[in-house]
Amino acid sequence: MSATILYWACGFALLCFTLGLGCAAIRLIRGPSAEDRVLALDTIYINGMLILLVLGLRFKAGLYFDVALLIALFGFVGSSALAKFLLRGEVIEP
């Protein structure tokens, strides 16, 4: 019984995260400003990470969790660099 509920809950979560990723991709393409595009990129990497975590739960595989951790790390560094670039115009200061 609980395995069936977990199976359907994971499927519903995957559907919701995929819809969120699609909406963020549309915002990334059509965003009126650079700030909107940066926020859309943050949303895309967070939704991608969450999709991998749900897949790790569904397939009971630990590799998905490691890849999700790497995505979270690189996404944070990338969004910090983009935010600094938008504020100051350069990422590495002399």
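Here is what the cut-offs are and how they apply
Residues numbered from 1 in each chain as written. Predicted model: local features only at pLDDT ≥ 70, side-chain atom pairs only at ≥ 80, totals over all residues. Heavy atoms only, no water. Core = buried A, V, L, I, M, F, W, Y, C linked by side-chain atoms within 4.5 Å. Buried < 20%, exposed > 50% of the residue type's maximum accessible area, 1.4 Å probe, protein only. Helix = DSSP H or I, 4+ residues; strand = E, 2+ residues; numbered from the N terminus. Contact = heavy atoms within 4.5 Å. Axes fitted to C-alpha atoms, helices over the stretch in contact; angles between N-to-C directions. Parallel < 35°, antiparallel > 145°, perpendicular 65-115°, else oblique. Left-handed = near helix turned anticlockwise from the far one by under 90°. UniProt positions renumbered as here; feature names shortened; annotations may be inferred. Phe/Tyr/Trp six-rings, centres within 6.5 Å; stacked < 30°, edge-to-face > 60°. Lys NZ or Arg CZ within 6 Å of the ring centre and 35° of its normal.

Q: Can you walk me through the nonpolar core in this structure?
A: By size, the foremost hydrophobic cluster in this structure holds 6 residues: Cys10, Ala13, Leu14, Ile51, Val54 and Leu55. Counting only elements with at least two residues in this core, the list comes to helix H1 (2–30) and helix H2 (34–59). Excluding residues within four positions of it along the chain, valine 54 makes contact with Cys10, Ala13, Leu14 and Phe17.

Q: What is the right way to look at the packing of H1 against H2 in this model?
A: Think of two packed helices as two axes; the pair is described by the angle between the axes and how far apart they sit. Close contact between H1 and H2 brings their axes to 8 Å; oriented N to C, the two are set at 160°. Compared by their axis directions, H1 and H2 come out roughly antiparallel. The handedness of the crossing between H1 and H2 is left-handed.

Q: Please explain the UniProt feature "transmembrane region" (unreviewed entry) in the protein as it appears in this structure.
A: With numbering matched to this structure, UniProt assigns "transmembrane region" (unreviewed entry) to residues 6–26, 38–57 and 63–87. Helix makes up 100% of residues 6–26 and strand 0%, with an end-to-end C-alpha separation of 30 Å. Helix makes up 100% of residues 63–87 and strand 0%, with an end-to-end C-alpha separation of 36 Å.

Q: Just to check I follow, could you spell out the packing of aromatic side chains for this structure?
A: The way to describe two aromatic rings as a pair is by their centre distance and the angle between their planes. This model, assessed by the stated rule, comprises 2 aromatic pairs. Geometrically, the ring pair formed by tyrosine 7 and tryptophan 8 is edge-to-face, given 5.7 Å between the ring centres and 85° between the ring planes. For the pair phenylalanine 59 and tyrosine 64, a centre-to-centre distance of 6.2 Å together with 35° between the ring planes defines the contact as tilted. Classification of tyrosine 64 by relative accessible area gives partly exposed; the value is 26%. Above the face of the tyrosine 7 ring, arginine 58 is positioned so that its terminal group lies 4.2 Å from the ring centre.

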